[in-house]
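# Overview (structure and organization)
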Amino acid sequence: MKTPAPEIRHDVLWGQLHALTVIAQLGSFTKAAQRLGLSKAAVSQRIAELERAMGQTLVARTTRSVRLSEAGQRLVEETEASFAHITRSLGAARDAVGQARGLIRVTAPVALGRQHVAPLLNSFFTRYPEIRVELDLSDRLVPLTQEGFDLAIRHTSAPPDTHVAFKLCSSRALLVASPAYLHANPAPQHPEDLGQHACLAYLRPGPAVWLFEQRSANGQRQRIPVLGPLRASNSEILRDAALAGLGLTLLPDFTASQALQGGELVEVLSDWRPVGFFGDAVYAIHPWSSTTPRPVKLLIAHLQQGMKKGF
């Protein structure tokens, strides 16, 4: 005789279903437990209880990955939007009363985050003491919803049209070198001269190639392969190498600005504009929704105010 499925307790069911949707987003029991503020064992127990109540396997576990079964995926698809709606409604109700509070998970590029985002948080916390921020610095373009981020700071020329983007400021790339390097090596007068110089390039797949566009009316372009003693995937490392006189380098203005103002670096080939290497603006981006949580709105407005003059 078939054992009947246990009676579904709706007061427990919501927590179990929510745990399943978080696992679907993050693909990991460990990450889901961190998001939910529970132990991994507690999350596993919730899923096991839900599977018993449903009478079928919802999560397929292996030693390397976690994926939802067809039934689990279907259940998530049917309930995920409802949980998102409940979360937004609760947030809106809470925001309507008293001081803004809550947690904002933010991802930002390493150099931009260290130099310009993190310093602005000090005054933000003074103004909004009930809001907490988790700032994850990574040059990897993480999927926001999948990894649980509320906001991303991106240095780009084309923010994704699947997200809501707020421009924080314009940005530009600069070719720079130290006065000491330029004293020992005559400054290039044309992009073709870079073949005779040590060039410190950003580390990307394939050979290092820099593209320049003349700022004059004809907009002539020059594509130049470059070589040098160092390639790195971080603009602060390249800036410091240029400060040490190792060569010329392309930097975003937010990394070069302080050294340029202090005369420690000098702009080179100012009649030519570096093209297609770094973004031409900084944006705050969040996943599309019909409403934006008040803490996220406040942080975006604070960053816009702090960065409005650019770099």
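The structure this text deals with has already been given above.
First, a word on scope: everything that follows refers to the structure included in this document. (Residues numbered from 1 in each chain as written. Predicted model: local features only at pLDDT ≥ 70, side-chain atom pairs only at ≥ 80, totals over all residues. Heavy atoms only, no water.)

### Focus on the pattern of salt bridges
Rule in force here: Here, a salt bridge means any Lys or Arg side-chain nitrogen found within 4 Å of an Asp or Glu carboxyl oxygen. Counting from the N terminus, the helices are the DSSP runs of H or I reaching at least four residues and the strands are the DSSP runs of E reaching at least two. Relative accessibility under 20% of the residue-type maximum defines a buried residue, over 50% an exposed one, and the middle range a partly exposed one, all with a 1.4 Å probe and only protein chains included.
Applying the stated criterion to the full structure yields 6 salt bridges. R114 is paired through a salt bridge with E236; the nearest N and O atoms lie 3.1 Å apart. Linking R114 in helix α5 (residues 110-127) with E236 in helix α8 (residues 235-243), this pair joins segments that are 122 residues apart in sequence. The exposed category is assigned to R114, whose relative accessible area is 52%. Here R221 and E213 are joined by a salt bridge, their closest N and O atoms 3.0 Å apart. Taking relative accessible area as the criterion, E213 reaches 18% and is therefore assigned buried. One network of salt bridges, in which partners are shared, links E213, R221 and R273.

### Brief notes about the pairing of strand β10 (residues 221-225)
What counts here: Strands qualify as paired when DSSP identifies two bridges or more between them.
Burial along β10 is one-sided: Q222 and I224 are buried, while R221, R223 and P225, pointing the other way, are not. As defined by bridge partners, strand β9 (residues 209-214) adjoins β10 across 5 bridges and the pair is classed as antiparallel. Counterpart to L211 in the pairing with β10 is R223. Between the end of β9 and the start of β10, which pair antiparallel, lie 6 residues, with G219 showing a positive phi angle near 60 degrees.

### Notes on helix α10 (residues 294-307)
Convention followed: The span one expects for a helix is its residue count, reduced by one, times 1.5 Å.
Taking 1.5 Å of rise per residue, 14 residues should cover 20 Å, and α10 covers 20 Å from first to last C-alpha, within 8% of that figure. By the burial criterion, the buried members of α10 are P295, V296, L298, L299, I300, H302, L303 and M307.

### Describing α5
Convention followed: Fitting axes to the seven residues ending at a residue and to the seven starting there, one defines the bend at that residue as the angle between these axes.
In this model α5 runs 25 Å from its N-terminal to its C-terminal C-alpha over 18 residues, within 8% of the 26 Å that 1.5 Å per residue would give. Bending of α5 peaks at approximately 35 degrees at the position of V117, with proline P119 no more than four residues after it. Among the residues making up α5, those that are buried are A111, L112, G113, Q115, V117, L120, L121 and F124.

### A short note on the environment of H183
Position of H183 relative to the elements: it lies in helix α7 (residues 179-184). On a C-alpha basis, the gap between H183 and G245 in space is 9.9 Å, while along the polypeptide they are 62 residues apart.

### Some points on the packing of α5 against α10
The following threshold applies: Angular values range over 0 to 180 degrees, each being the angle between N-to-C directions of two axes fitted as lines to C-alpha atoms, with helices fitted over their stretch in contact. For this classification, under 35 degrees means roughly parallel, over 145 means roughly antiparallel, 65 to 115 means roughly perpendicular, and everything else is oblique. With the far helix as reference, a near helix turned anticlockwise by less than a right angle produces a left-handed crossing, and one turned clockwise produces a right-handed crossing. Note on definitions: a residue-residue contact is assigned when non-hydrogen atoms from the two residues lie within 4.5 Å. Residues are sorted three ways: Asp, Glu, Lys and Arg are charged, Ala, Val, Leu, Ile, Met, Phe, Trp, Tyr, Cys and Pro are nonpolar, and all the rest, Gly among them, are polar.
For the pair α5 and α10, the least separation of the axes is 10 Å and the interaxial angle reads 115 degrees. Judged by the inter-axis angle, α5 sits roughly perpendicular to α10. Relative to α10, the crossing made by α5 is right-handed. On the side of α5, the interface is formed by H116, V117, L120, L121, S123 and F124, while α10 contributes P295, L298, L299, H302, L303, G306 and M307. Per-class residue counts for the contact of α5 with α10 are 9 nonpolar, 4 polar and no charged.

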